[in-house]
Amino acid sequence: MALFGKREVVFRAPGDKARWQVAKEALKAAGIEIMEANSYEGEIPLCSCGAKIDRRNYGPNGWIDRRVYYIAVRPEDVERAGQVLVPFQAAEQI
């Protein structure tokens, strides 16, 4: 992960950590430097106490992944990254 420089998000996967990890590996294999690969909360938890404990996760279906995973690359690598990530962009277009 680079600290300085412009970044453009080329991949975003809400609630799909496995696809995000495979996309990161594909970019690395293609020789594209990843500037940032991280995640953020997709929706605010129901609990307002700040503990981030969501009572919807403790039912019979278990934990729900509500995070949004993303990958950002340098502006000059956007075209190449887009070509590498074509098979991974099925769920959400940027």
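Read on for an overview of the structure. (Residues numbered from 1 in each chain as written. Predicted model: local features only at pLDDT ≥ 70, side-chain atom pairs only at ≥ 80, totals over all residues. Heavy atoms only, no water.)

1. Here we look at the overall build of the chain
Looking only at helices and strands, one finds two helices and three strands in the chain. Counting from the amino terminus, the chain carries its helices and strands in the arrangement β-α-β-β-α. Sorting the 94 residues of the chain into buried and exposed places 31% on the buried side. Restricting the contact set of the chain to residue pairs at least 6 apart, pairs at least 24 apart contribute 80%. (Helix = DSSP H or I, 4+ residues; strand = E, 2+ residues; numbered from the N terminus. Buried < 20%, exposed > 50% of the residue type's maximum accessible area, 1.4 Å probe, protein only. Contact = heavy atoms within 4.5 Å.)

2. Overview of the pattern of salt bridges
Enumeration over the complete set of coordinates arrives at five salt bridges. A salt bridge links E36 to R7; its shortest N-O distance comes to 3.6 Å. Taken together, the positions of E36 in strand β2 (residues 34-41) and R7 in the segment before β1 (8-14) put the pair 29 residues apart, joining distant regions of the chain. In this structure, R67 engages E41 in a salt bridge whose closest nitrogen and oxygen atoms are separated by 2.6 Å. (Salt bridge = Lys/Arg side-chain N within 4 Å of Asp/Glu carboxyl O.)

3. A look at the sheet that holds strand β3 (residues 67-73)
An order of β1-β3-β2 is seen for the three strands of this open sheet, with the pairing classed as antiparallel. Looking at strand neighbours, the two that pair on one side only are β1 and β2, the edges of this open sheet. Here the average twist between neighbouring strands, direction ignored, is 20°. Bridge analysis of β1 against β3 gives six bridges, and the strand direction is antiparallel. The residue bridging R12 from the neighbouring strand is Y70, located in β3. On top of the sheet, helix α1 (residues 17-29) reaches β1, β2 and β3; it is set at about 10° to β3, its chief contact. (Pairing = 2+ DSSP bridges. Axes fitted to C-alpha atoms, helices over the stretch in contact; angles between N-to-C directions.)

4. So, the nonpolar core
Counting 15 residues, the largest nonpolar core has F11, L27, I71 and L85 as its most contacted members. Sorting the residues of this core by element identifies β1, α1 and β3 as the ones contributing at least two each. In terms of residue count, the dominant contributor to this core is α1 (four residues). Setting aside chain neighbours within four positions, we find L85 in contact with V10, F11, A23 and L27. (Core = buried A, V, L, I, M, F, W, Y, C linked by side-chain atoms within 4.5 Å.)

5. Quick word on α1
Its 13 residues place the ends of α1 19 Å apart at the C-alpha level, agreeing with the 18 Å of an ideal helix rising 1.5 Å per residue. All of the buried residues along α1 are R19, W20, A23, K24, A26 and L27. One side of α1 holds all its buried residues, which, seen down the axis, span an arc of 160°. Exposed positions of α1 whose direction lies more than 90 degrees from the buried face are K28 and A29. Of the surrounding elements, those touching the buried residues of α1 are β1, β2, β3 and α2 (78-84). G31 sits one or two positions beyond α1 and adopts a positive phi of about 85°. (Expected span 1.5 Å × (residues − 1). Arc of directions from axis to C-beta.)

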